[in-house]
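Below, each chain spelled out in residue letters.
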2 protein chains.
Amino acid sequence: MQDLLARRDALFGAGAPLFYQAPLHIVRGEGAYLFDAAGRRYLDLYNNVPCVGHGHPRVVAAVAQQAGTLNVHSRYVHAGVLDYAERLTGLMRDGLASVVFACSGTEANEVAMRMARLVTGGRGFVCTDAAYHGSSAELGKLTHAREPRDAEIRSIPFPQRYRPLDEGATEVELRERHLDALQAAIDDFTAAGIPFAGMLVCPILANEGLPDIPAGFMAAAAQRVRTAGGLFICDEVQAGFCRTGRWWGHEAAAVEPDIVTLGKPMGAGVPLAGVVASHAHVSAFRQATRYFNTFAASPLQAAAGMAVLDVIETEGLLRRVADVGGYLLAELKRRQSHCEAIGDVRGAGLFAGVEWVADRASKTPDRPGAQRVVERLKDKGFLTGAAGALGNVVKIRPPLILQREHVDAFLAAFDETLREVHAVP
Amino acid sequence: MQDLLARRDALFGAGAPLFYQAPLHIVRGEGAYLFDAAGRRYLDLYNNVPCVGHGHPRVVAAVAQQAGTLNVHSRYVHAGVLDYAERLTGLMRDGLASVVFACSGTEANEVAMRMARLVTGGRGFVCTDAAYHGSSAELGKLTHAREPRDAEIRSIPFPQRYRPLDEGATEVELRERHLDALQAAIDDFTAAGIPFAGMLVCPILANEGLPDIPAGFMAAAAQRVRTAGGLFICDEVQAGFCRTGRWWGHEAAAVEPDIVTLGKPMGAGVPLAGVVASHAHVSAFRQATRYFNTFAASPLQAAAGMAVLDVIETEGLLRRVADVGGYLLAELKRRQSHCEAIGDVRGAGLFAGVEWVADRASKTPDRPGAQRVVERLKDKGFLTGAAGALGNVVKIRPPLILQREHVDAFLAAFDETLREVHAVP
C-alpha cells in the first residue's frame, strides 16, 4: 500500500483526496459489496453512483453492447438517445418535458444557471450557505467555503430544525425566518441593480447535512423566487433516481421546480448528467447558445441511463428503497435515545444522516467523533462517510439495492461501535 | 426521419445542433465507417473521438471487463488508474509528470485555468480571437463569439500565414507582429492592475481553422508568457493522441507547455479528459482546491484510456497517421492548383483543412461554398465538416486508423465534387 500511495502522490500530485486514515485498495465490486486487494469484503453504505449495485450485469451488458455498436456525438440523429430522453422526462411532471444532457453534475448545473440567466435576463442567484453544486469557476462561487461571495451570488442560512436560527421558534416561524432571508437576498440584488435569475438548491440539502427542513419551505421559496421573476432550480444530483423513496427529491420536498439537474446515479458510473426543464426554456437555451457537448447525449450514455431505469423498475427499487430506508431510519432513531453523542437522526429513503455531538443538550458538533465512528465502521467492514456543513454527520447513502439483512448487519456493527466508542450499554 | 426530428425537437428543445441539411440517422459504426438506418455506409472523415475506429473490439472488451469488475470514484486507491496515469505521463517530457483527470475538455480547461491562477497568483488570460476552449461560463469568456471580453481575458489575432496581418510581411515579420500583440495584451493587464496568469491556446489552432502558423511562434509565445510570470497552457483536446503525426500537438508546434489539457480521443467515447503538468503545479492545485470529480480518475476511465494507448501502439497508428496523413495532404495540395475555389490547403497528420474562397486572388471567404462541398461529399458517402474562424474550411479529421485506400476513395469523391461544383476538368 505504501508503494501505491507513493505512486499516487507522484502521479496525482500531493493532496489528491482519499477516504479513511488507512486508505482502501478496492479491486472489485459486486452488488452492495466492495472487495479490497486482500479479499476483504465491505458493505458499501456510501456510494450512490453505482445505484443499482456494483457491476450490475444488465448495465454492463447494455454498455458493452452499445459500445460495440455505436458511440458517437449527438449531431446525428439516434433513436436510442430519444427513447431515453422520452422515458426520463416521462418520469417527471408534464412541464418538465425537455432535456440537455451533459457529462457531470458540474456541467449540468452550469447549463442550468446559464439557462435561467438567459430565460429571465437576470444574473443574481441565491444558494444556501453550505452548498456545493460543482467544481467549475462559476459554480465555485456558490460553494460554501468560498468567501467573500461573488457580487452575483447571495447565500442564505440553510433551513433546518436541529440547529434553528431562533431557539424555541415553531416550525412555521422557522420557515418564515428562512423565507425572509431569501426575500432579503432577492431585495438586496434589486438594491444593487443586479437583476434576479433564480435559486439553485438541493431539495433535500444533501451537502448541508440532510437536515429536517421546516415543512413547506421549498414550495414557498419557489413561489418567492418566481414572484421575483427568477427560476427555481433543484439540484438533484444526489436527491434524484429514487434515493429518497420518491423518484425525485423535489417530490420528497413537495416542490415543483422550473429546472431539475441530474447526475451521479444516472448512468451507474458512465459519466452522465442532465438538465430537465420546459420545452420553452430548453429551446431558448438551445437557440441562444447552440450548446454542444462532445460526449453527451451519446448512444453510450443513453444505453447506460436506460439500463439504470430498467433495473430500478424491474427490481422494484423505488418501493424497496422506501421499505429498507424506512427500516434503517427507524432503527437509527431507536438508537438515538441510548447515546448522548447522537444529536440527530434524519433522512429519507436510503439516505440517512446521524449528527454527532458532544452531548444532546449542548449540541456541540463533534466532528472527530463522527470521523471516529466512520473509521471504526470501516474497520468492521462497513463503508460510510462524514459530511454536512459542520462535518459531523455520519452519512449513510448505499446503493439502492440494499436489503434488510444488509441493514441488520450494519446495525450490529453500529451498535458495537457505540459500545466501544461511547460505552453505550 | 421527420418523426425522429419532431421527437428530437420536443425532447432536446428546438435548436439542438445537427449536421447536414438532411440530417443523418446513424445506427452503427465499425472501423472507419458509419452506417445509417437504411444500411448506407459512410466513410467517417470527421470524428476524432473514436480515434482507434468505431467500436474497436479491444476498447469494447476493456470497458466491458472493467465495468463488470469495478467502477468507483477515486477516493479509494486503484492500481489500474495509477498504471494509466503513469503510462500517459510517460508519453510526455519529464516535467509533465502528474495528472488531474476529468470528464470533458471543458472540465480539463477549467482545471488548467484554475491551476495557473493558483500557481501564478495571477488572473489574466490571453487567448486567440477565434478560440473555443469549452462550454462553461468561465471558458465562455474565451470563446470568440462572445464580446465584449471579460476584464480578465484578452484575445490576440490568431497567427496565420494565409490571411496575414500585414500583406507582404515575411514569415518572421508576421511572427513578430503576433508576438507584439501578445506582449501588448500582457502589458495591458499590467496597466489595468490585473496580474497575469497565462495563455491558453490550441498548439495547432484547430478551431481557428488549422492555419499554417509562422514558424517559431508558439515557442516564442511561451517564452513571453513565462517571462511575464504566466503559464503556457496547450489545449490538446483536438491536437493530442497522434492526431498530428506526433504524439502531442505541442511537439508538432515545437513548444514546451507548462500545462497540457487532453480530451476527445482520450477514452474513445468514454468521457475522459485530463490535465498534465509538473508535480509541483498539480500538487499546489490539489492542496488549494481538494479537487474531486465524481466520475473522473475511475477504473472505467483508466481501462478505456489504457485500451486506446494499447491500440495506438500495437497497430502502429503514430507512424500510420504520419504516412496516410502525409499522403492525404499532398494529394489535396495537388488539387489546389486546379481549382480557384481552393484558397489554401494545410494540416498535419490526419487533420487537414481546405479553405474555400471566391477566387485565389481575392481570398474572399466562401462559407456557402465550403458547406456545399461538405453536403455533396456526404451525399456521396463521405463525412466531413465545415469549420474555422470564417466557417469556410472543409475539415478532414478521421479516425486515426484511416488507410490509403480510404484516402483514395475520398479523393475520387472530392474530385467528382470539384467537377460538379466548380467545373474543374
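Each value, and the rule that gives it
Numbers given for residues are sequential positions, taken from 1 along each chain in its written order. For this description, chains carry letters from A and ligands carry numbers from 1, given in the order in which they are written. Predicted model: local features are reported for residues with pLDDT of at least 70 only, side-chain atom pairs are reported and counted for 80 or more only, and whole-chain, interface and lining totals are derived from all residues. Each helix corresponds to a stretch of at least 4 residues labelled H or I by DSSP, and each strand to a stretch of at least 2 residues labelled E; elements are numbered beginning at the N terminus. Throughout, a residue-residue contact means that the two C-beta atoms, derived from backbone geometry, are no farther apart than 7 Å. Every C-beta atom is placed from the backbone, and the number of other C-beta atoms within 10 Å of a residue's own sets its class: buried at 20 or more, exposed at 12 or fewer, partly exposed in between. Any two strands with at least two DSSP-identified bridges between them are counted as paired. Residue polarity is assigned by list, with Asp, Glu, Lys and Arg as charged and Ala, Val, Leu, Ile, Met, Phe, Trp, Tyr, Cys and Pro as nonpolar; anything else, Gly included, falls into the polar class. Here the axes come from fitting lines to C-alpha atoms, over the contacting stretch only for helices, and the angles between their N-to-C directions go from 0 to 180 degrees. Roughly parallel means an angle under 35 degrees; roughly antiparallel, over 145; roughly perpendicular, 65 to 115; everything else is oblique. Crossing handedness is read from the near helix: turned anticlockwise from the far helix by less than a right angle, it gives a left-handed crossing, and turned clockwise, a right-handed one. How far a helix is expected to stretch is found by multiplying one less than its residue total by 1.5 Å. Nonpolar cores are identified as sets of buried Ala, Val, Leu, Ile, Met, Phe, Trp, Tyr and Cys residues joined via C-beta atoms within 7 Å. Each domain's extent was defined by an automatic or database domain assignment. For this overlay, a least-squares fit was computed on C-alpha atoms, restricted to residues scoring pLDDT of at least 70 in both copies. Arc definition: directions from the helix axis to the C-beta atoms.

1. As for the overall build of chain A
Here is step 1: When helices and strands are counted, chain A shows 13 helices and 15 strands.
Here is step 2: With the C-alpha coordinates of chain A rotated into their principal frame, the extents come out at 60 × 60 × 45 Å.
Here is step 3: Taking the intrachain contacts of chain A between residues at least 6 apart in sequence as the baseline, contacts between residues at least 24 apart amount to 74%.

2. Considerations on the pairing of strand β10 (residues 273–277) of chain A
All names here are of chain A.
Here is step 1: Most of β10 sits out of view: five of its five residues are buried.
Here is step 2: Side chains Ala273, Val275 and Ala277 project from β10 onto one buried face, and the interleaved Gly274 and Val276 project onto a second face that is buried too.
Here is step 3: Bridge analysis of strand β4 (residues 98–102) against β10 gives five bridges, and the strand direction is antiparallel. Each residue of the ladder has a partner; that of Phe101, found in β10, is Gly274.
Here is step 4: Where strand β9 (residues 259–262) and β10 come together, four bridges link them in antiparallel fashion. Each bridged residue has a counterpart across the sheet, and for Val260 the counterpart in β10 is Val276.

3. Some points on the interface of chain B and chain A
Here is step 1: With 75 residues of chain B in contact, the opposing surface of chain A contributes 76 residues.
Here is step 2: Of the residues forming the side of chain B that touches chain A, the biggest block, seven residues, is contributed by helix α1 (residues 2–12) of chain B.
Here is step 3: Among the residues making up the side of chain B that touches chain A, the classes are represented as 37 nonpolar, 26 polar and twelve charged.

4. So, the sheet that holds strand β14 (residues 385–387) of chain B
Residue and element names in this part refer to chain B.
Here is step 1: With antiparallel pairing, the four strands of this open sheet are ordered in space as β11-β12-β15-β14. Each edge of the open sheet carries a strand with a single partner, namely β11 (342–347) and β14. Across the sheet, the mean angle separating the axes of adjacent strands is 30° when strand polarity is ignored.
Here is step 2: Both β11 and strand β12 (residues 352–356) contribute to a ladder of five bridges, which runs antiparallel. Bridge pairing in β12 links Asp344 to Glu355.

5. Topic: the sheet that holds strand β2 (residues 33–36) of chain B
Residues and elements named next belong to chain B.
Here is step 1: Strand order in the open sheet formed by four strands is β1-β2-β3-β13, and the pairing between neighbours is mixed. Edge positions in the sheet fall to β1 (26–30) and β13 (382–383), since each of these pairs with one other strand and no more.
Here is step 2: When β2 meets strand β3 (residues 41–44), the two strands line up antiparallel, connected through three bridges. Among the inter-strand pairings, Leu34 is bridged to a residue of β3, identified as Tyr42.

6. So, the packing of helix α6 (residues 171–192) of chain A against helix α7 (residues 217–227) of chain A
All names here are of chain A.
Here is step 1: The geometry of α6 relative to α7 is characterised by a closest axis approach of 10 Å and an angle of 25° between their N-to-C directions. Between α6 and α7, the angle is such that the two are roughly parallel. In this structure, the crossing between α6 and α7 has a hand that is right-handed. Each of Arg175, His178, Leu179, Leu182, Gln183 and Ile186 in α6 lies in contact with α7, whose residues at this interface are Phe217, Ala220, Ala221 and Arg224.
Here is step 2: Taken together, the residues of the contact of α6 with α7 break down into six nonpolar, two polar and two charged.

7. Overview of helix α10 (residues 299–314) of chain B
Residues and elements named next belong to chain B.
Here is step 1: The end-to-end C-alpha distance of α10, which contains 16 residues, comes to 22 Å, matching closely the 22 Å that a straight helix rising 1.5 Å per residue would cover.
Here is step 2: Most of α10 sits inside the fold, with twelve of its 16 residues counted as buried.
Here is step 3: Listed as buried for α10 are Pro299, Leu300, Gln301, Ala302, Ala303, Ala304, Gly305, Met306, Ala307, Val308, Val311 and Ile312.
Here is step 4: Tucked into the core, α10 has its buried residues touching α2 (57–69), α3 (79–89), β4 (98–102) and α11 (317–336).
Here is step 5: Of the residues trailing α10, Gly316 is marked for its positive phi of about 60°.

8. Digging into the nonpolar core
Here is step 1: One finds Val63(A), Val275(A), Ala304(A), Val63(B), Val275(B) and Ala304(B) to be the most contacted residues of the largest nonpolar core, which totals 299 residues.
Here is step 2: Those residues in contact with Val275(B), other than ones at most four positions away along the chain, are Val99(B), Val100(B), Ala102(B), Ala108(B), Val111(B), Ala112(B), Met115(B), Ile259(B) and Thr261(B).

9. Side note on the pairing of strand β9 (residues 259–262) of chain B
On a regular strand, each side chain points to the face opposite its neighbour's, so the side chains alternate between the two faces of the sheet.
All names here are of chain B.
Here is step 1: Across the two faces of β9 the burial is the same, with Ile259 and Thr261 and Val260 and Leu262 all buried.
Here is step 2: With three bridges joining them, strand β8 (residues 231–235) and β9 adopt parallel strand pairing. Bridge pairing in β9 links Asp235 to Thr261.

10. Digging into the domain arrangement of chain A
All names here are of chain A.
Here is step 1: Taken domain by domain, chain A consists of domain 1 (2–52 + 316–422) and domain 2 (57–314).
Here is step 2: Summarising the inter-unit geometry, the C-alpha centres of domain 1 and domain 2 are found 25 Å apart.
Here is step 3: The partner domain 2 presents 25 residues to the 26 residues of domain 1 that form the contact.
Here is step 4: For the side of domain 1 that touches domain 2, the secondary-structure elements that each account for two or more residues are α11 (317–336), β11 (342–347) and β12 (352–356).
Here is step 5: Broken down by element, the residue count for the side of domain 1 that touches domain 2 peaks at five residues, all from α11.

11. Some details on the relation of the copies chain B and chain A
Here is step 1: In screw terms, the move from chain B to chain A is a rotation of 180° and a rise of 0.0 Å along the axis, fitting with an RMSD of 0.0 Å. Taken together, these values place the two copies in the relation of a two-fold axis. Among all C-alpha atoms of chain B, that of Ala64(B) lies closest to the rotation axis, at 2.6 Å.

12. Things to note about the environment of His281(A)
All names here are of chain A.
Here is step 1: Among the structural elements, His281 can be located in helix α9 (residues 279–289).
Here is step 2: Judged by C-beta crowding, with 26 C-beta atoms within 10 Å, His281 ranks as buried.
Here is step 3: The residues contacting His281, other than those within four sequence positions of it, are Met115, Val119, Asp258 and Ile259.

13. Points about α11(B)
All names here are of chain B.
Here is step 1: Here α11 is 20 residues long and its end C-alpha atoms lie 28 Å apart, about the 28 Å a rise of 1.5 Å per residue gives.
Here is step 2: Within α11, burial applies to Leu317, Arg320, Val321, Val324, Gly325, Leu328, Leu329 and Leu332. Buried residues in α11, looked at end-on, bunch into an arc of 145°, giving them a common side. In α11, those exposed residues whose orientation departs by more than 90 degrees from the buried face are Arg319, Ala330 and Arg334.
Here is step 3: The inward-facing, buried residues of α11 abut α10, β11, β12 and α13 (404–422).

14. Concerning unusual backbone geometry
Residues and elements named next belong to chain B.
Here is step 1: One non-glycine residue with positive phi stands out, namely Leu210, at about 60°.
Here is step 2: Note that Leu210 resides in the loop between β7 (196–201) and α7 (217–227).
Here is step 3: Unusually for a residue other than glycine, Cys242 sits at a positive phi of about 75°.
Here is step 4: By secondary structure assignment, the location of Cys242 is in the loop between β8 and α8 (249–252).
Here is step 5: On the basis of neighbour counts, which here come to 26 C-beta atoms within 10 Å, the residue Cys242 falls in the buried class.

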